[in-house]
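# Structural features, examined
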Amino acid sequence: MSVGITPGFRVTRAGPLALLQDAGRFGVRHLGVTQGGPADLHAWAWANRLAGNEWGRPVLEITFGGLELRAECDLIISVAGADLSARHNDQPLPLWRSVKVGKGEKIKFGTPVKGLRAYLAVAGGFSAEPVLGSVACVAREQLGGFNGQGQRLAEGDELSVTTPSRNSSASIQTEAPQQEQPDYAAPAILDLLPGAQIADFTGRSLFDAFNAEWRVDDRADRMGVRLTGPPLHCRIASMISEGISLGAVQVPSDGQPIALLNDRQTIGGYPRLGNLTPLAASRLAQCQPGQSVRLRAVGAEIALQKHRQFVNRVR
Amino acid sequence: MSHAGLPRLEPAGIDGWMIRLFGTIEENNLLWLTALTRDCETAIGAALVDLVPSYTTLLVIFDPLQTNAWEVRAQLVDILARLVPDDAGGEGELHELATWYDPSVGPDLARVSERSDMTINAVIDAHSYQEYRVFALGFSPGFAFMGLLDDSLICPRLDTPRAKVPSGSVAIAGQQTAAYPAVTPGGWNLIGRTAARLFDRKRDGFSLLKVGDRVRFVTVDRHTFENEGGDPTPMAQPAKETRT
């Protein structure tokens, strides 16, 4: 299969943090290589869908805004996720729908209004050489991204795109259904699948874990998000290090939970309440510091069903 | 596998199971863990996403669109019932890591020597004499936690981690030893530097070391270290340990 690769955008202003993300880096976690991939799987998947792409194409994850791009050719794009005051030339850029952008036109992200991370997909997908099977950009590991070295976007970067195949534009869904567009400013309820150490927390702490309002701390990044609230007490202080899966909610000795996201370390030794579902982890990744969230225990069967339904809707 | 209630299967999200085999760290754990890892690869096949072995556990991550937790659980129960540990003698690839032990690249050699009441040469002998096993990889790509260190060398982590540890640095902390594959922050005691390329994105398998492998640090002089591609750039010496 031969695909064309052309310059798609020029970065005219980098902003604080814009990263290339495909679905993530898999099959290498036993080597200490983290998962990477989109912090908000839901918005990332919709961005691809609305650009007419199949699941998994590389997308820009723009955190906090500030990014400015100039189109180097005519493109079809879509932006899903956070409202970062995006503009298309001098007009507000509509979110959750496909948009035509002409050569020389500008896309500018401002400051966050709702949510934290916007996903910009382009028809055909951004193009970069995979490293360890993925282009997911993990700065800490110096892996992935446009140059393979884990670098965030920088001013002057030329962003290559894969020319979309001719039949793909016909299948474009132009707008995401209203119910797929979350209100990120609303209080979030996060589904959590209880894990093995749940029984080692005291009864009071179990009540608090699932009934307290948790405040999203400003110590939050792609590795994890700290929650503050009533201190949770666990009979286990620390454990022998073991593999940590996405969404694990670990509780260090200060009793304040940390939900671990895509760039978490691969092993760790704190007791855990359980795992946020992938959609709950996505939702948390859009919470601004100071927002409140609640944890809701969920059964494995319902959690799996919800996840499969989401993938079927967007795939 | 004599601990009460073990082995045990613990839920780890919609796409994972934690297989807990042991309650304590023992070298023999690895014989079971490497065998279990291999059996899982074979049995789960295409629906398998990742396997993360570590000290006493194996985390199994599967694709929840191709299979589900109940199917995988049944497979794991079956595997555990038939599990036979690897042979104690021959298992695990042996790696010899050419290591230049010198205060210029191992700024904590003096501290370790003082703490252990041994000469620097005795510390080097004790560290390079023994063969180590890889118990886990983590912290950064290709970072292997190895052990178990001779009791005489046990030394706590630094109170304040260094912001930048040079790649190749050979280090000890508690009962473990490791070599830093890349420049990262680090709180372990640095005693030397290896010329070995521990993580290479162009190499088949990427990481030189894998869980269950055996490692020996081989003392080389500066000349050999440089010939094998080692970077002899000295480290800034640590601030003197404050005594109260």
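Keep in mind it's a predicted model, so treat the numbers as computed, not measured.

## A look at the overall build of chain B
- The helix and strand inventory of chain B stands at five helices and 13 strands.
- For chain B, whose C-alpha radius of gyration is 20 Å, the value lies close to the compact-globule estimate of 18 Å for 244 residues.
- Overall, the C-alpha framework of chain B stretches about 55 × 40 × 35 Å when taken along its three principal axes.
- Counting every position in chain B, which comprises 244 residues, the buried fraction comes to 55%.
- Taking as baseline every contact in chain B between residues at least 6 positions apart, the subset at least 24 positions apart corresponds to 62%.
- By element, 50% of the accessible surface of chain B is carried by carbon and sulfur atoms, the whole surface being about 11,000 Å².
- Taken together, the 22 basic and 32 acidic charged side chains of chain B have centroids lying 5 Å from each other.

## Side note on the overall build of chain A
- The helix and strand inventory of chain A stands at four helices and 20 strands.
- Here the C-alpha atoms of chain A give a radius of gyration of 20 Å, agreeing with the 20 Å that 2.2 N^0.38 yields for 315 residues.
- Reported as C-alpha extents along the three principal axes, the dimensions of chain A are approximately 60 × 40 × 35 Å.
- Considering only residue pairs separated by 6 or more positions, chain A has 76% of its internal contacts joining residues 24 or more positions apart.
- As displayed, chain A offers around 12,500 Å² of accessible surface, 49% of which is attributable to carbon and sulfur atoms.
- Put simply, chain A has 33 plus and 29 minus side-chain charges, and the middle of one group is 2 Å from the middle of the other.

## Concerning the side chain of S127 of chain A
- Relative to the helices and strands, S127 of chain A resides in the loop between β10 (114-122) and β11 (158-162).
- Residues contacting S127 of chain A, with those up to four places away along its chain left out, are I5, F146, S160, V161 and T162 of chain A.

## Description of the interface of chain A and chain B
- The interface of chain A with chain B comprises 43 residues on the first partner and 41 residues on the second.
- Interface area, chain A with chain B, both sides summed: about 3,200 Å², of which 65% is carbon and sulfur.
- We note a salt bridge from E242 of chain A to R20 of chain B, for which the minimum N-O separation is 2.9 Å.
- Counting every contact that joins chain A to chain B gives 13 residue pairs in polar contact (both at pLDDT 80 or more).
- Of all the secondary-structure elements, those providing two or more residues to the side of chain A that touches chain B are β12 (188-194), β15 (242-243), β19 (272-276) and α4 (300-314) of chain A.
- With seven residues, the top contributor of residues to the side of chain A that touches chain B is α4 of chain A.

## A few points about the packing of helix α3 (residues 109-116) of chain B against helix α4 (residues 120-129) of chain B
Residue and element names in this part refer to chain B.
- Here α3 crosses α4 at 90 degrees, and the two axes come no closer than 9 Å. As the angle between them shows, α3 and α4 are arranged roughly perpendicular. Here L109, A110, V112, S113 and S116 of α3 come into contact with α4, specifically with I120, V123 and I124.
- Considered class by class, the residues forming the contact of α3 with α4 number six nonpolar, two polar and no charged.

## Side note on the side chain of Q130 of chain B
Residue and element names in this part refer to chain B.
- Here Q130 shows up in the loop between α4 and β6 (132-137).
- A distance of 2.8 Å separates the side chain of Q130 from the backbone oxygen of L148, its partner in a polar contact.
- Among the polar contacts listed, one links the side chain of Q130 to the backbone nitrogen of D150, at a separation of 3.4 Å.
- Residues contacting Q130, with those up to four places away along its chain left out, are L148, L149, D150, V215 and R216.

## A few points about the sheet that holds β11 of chain A
All names here are of chain A.
- Strand order across the open sheet formed by six strands is β7-β6-β9-β4-β1-β11, with antiparallel pairing between neighbours. Of all strands in the sheet, those with a lone pairing partner are β7 (91-92) and β11, marking the two edges.
- Bridging between strand β1 (residues 5-13) and β11 involves five bridges; their strand directions are antiparallel. In the sheet register, I5 faces β11, and the bridge partner there is T162.

## Some remarks on the nonpolar core
- Counting residues in each nonpolar core, the largest one holds 52 residues, and the members touching the most others are L132 of chain A together with M146, W188 and F217 of chain B.
- Of all the elements, β6 of chain B adds the most residues to this core, at five residues.
- Each residue touching M146 of chain B, except ones within four places of it in the same chain, is listed here: Y132, R133, V134, F135, Q175, Q176, T177, A178, A179, L209, V215 and F217 of chain B.

## Looking at the sheet that holds strand β14 (residues 224-228) of chain A
Residues and elements named next belong to chain A.
- If you walk around this closed barrel you meet the seven strands as β12-β19-β16-β17-β14-β13-β20, and the pairing is mixed. Neighbour-to-neighbour, the strand axes of this sheet turn through a mean angle of 40 degrees, independent of strand direction.
- Relative to strand β17 (residues 258-260), strand β16 (residues 248-250) runs antiparallel, the two sharing two bridges. Looking at the pairing, V249 lines up with A259 of β17.
- Strands in contact with helix α2 (residues 203-211) are β12, β13 (214-220), β19 and β20 (292-297); relative to β20, the strand with the most contacts, it is inclined by about 120 degrees.

## Focus: the packing of aromatic side chains
- A full pass over the atoms with the stated rule returns 14 aromatic pairs over all chains.
- Both rings, one in W44 of chain A and one in W55 of chain A, keep their centres 5.4 Å apart while their planes meet at 85 degrees; by these two values the pair is edge-to-face. Of this pair, W44 of chain A sits in helix α1 (residues 41-50) while W55 of chain A sits in the loop between α1 and β3 (59-63), placing them eleven residues apart in sequence.
- Judged by relative accessible area, W44 of chain A falls into the buried class, the value being 0%.
- A relative accessible area of 26% means that W55 of chain A is categorised as partly exposed.
- An aromatic cluster is present here, built from Y55, F135, F139, F143, F145, Y180 and W188 of chain B joined pairwise through their rings.
- Against the face of W55 of chain A rests R315 of chain A, its NZ or CZ located 5.1 Å from the ring centre.
- Lying over the aromatic face of W17 of chain B, R73 of chain B brings its terminal NZ or CZ to 5.5 Å of the ring centre.

Definitions and cut-offs
Here the residue index of a chain counts from 1 through its sequence in written order. Here the convention is simple: chains get letters from A, ligands get numbers from 1, in the order in which they are written. Where totals are concerned, whole chains, interfaces and linings use all residues; where local detail is concerned, this predicted model gives features only for residues with pLDDT of at least 70, and gives and counts side-chain atom pairs only at 80 or more. Only hydrogens and water are removed before side-chain values are computed, so all heavy atoms of the structure are retained for them. Each helix is a run of H or I in the DSSP string that is no shorter than four residues. Each strand is a run of E no shorter than two, and both are numbered from the N terminus. In this treatment the radius of gyration is a C-alpha quantity, and the globule benchmark scales as 2.2 Å times the residue count to the 0.38 power. Type-normalised accessible area, obtained with a 1.4 Å probe on protein chains alone, sets the label of each residue: buried when under 20%, exposed when over 50%, and partly exposed for intermediate values. Throughout, a residue-residue contact means that at least one pair of heavy atoms, one from each residue, lies within 4.5 Å. Here the accessible surface of atoms and residues is derived via Shrake-Rupley with a 1.4 Å probe, and residues count as covered only by protein chains that are part of the display. In this count, Lys and Arg are taken as positive residues and Asp and Glu as negative ones, while His and the chain termini are left out. The location of each charge is read from NZ of Lys, CZ of Arg, CG of Asp or CD of Glu. Summed over both partners, the accessible surface that disappears when two parts come together, traced with a 1.4 Å probe, is what is meant by buried area. Salt bridges are defined as contacts in which a side-chain nitrogen from Lys or Arg sits within 4 Å of a carboxyl oxygen from Asp or Glu. Whenever a nitrogen or oxygen atom comes within 3.5 Å of another N or O atom, the pair is scored as a polar contact, on the condition that within protein one atom can donate a hydrogen and the other can accept it, and that pairs from neighbouring residues in sequence are kept only if both atoms are in side chains. Interaxial angles span 0 to 180 degrees and are taken between N-to-C directions of axes, which are lines fitted to C-alpha atoms, for helices over the stretch in contact. Geometric relationships in this document are graded by angle, where less than 35 degrees denotes roughly parallel, more than 145 denotes roughly antiparallel, 65 to 115 denotes roughly perpendicular, and other angles denote oblique. Lys, Arg, Asp and Glu make up the charged group, whereas Ala, Val, Leu, Ile, Met, Phe, Trp, Tyr, Cys and Pro make up the nonpolar group; the residues left over, Gly among them, are polar. The pairing criterion is simple: DSSP has to find at least two bridges between the two strands. Each nonpolar core is a collection of buried residues, namely Ala, Val, Leu, Ile, Met, Phe, Trp, Tyr and Cys, held together in the definition by side-chain atoms within 4.5 Å. Ring pairs are drawn from Phe, Tyr and Trp, using the six-membered ring of Trp, whenever the two centres fall within 6.5 Å, and their geometry is named by plane angle: stacked under 30 degrees, edge-to-face over 60, tilted for the rest. The rule is short: NZ of Lys or CZ of Arg within 6 Å of the ring centre and within 35 degrees of the ring normal puts a charge over the ring.

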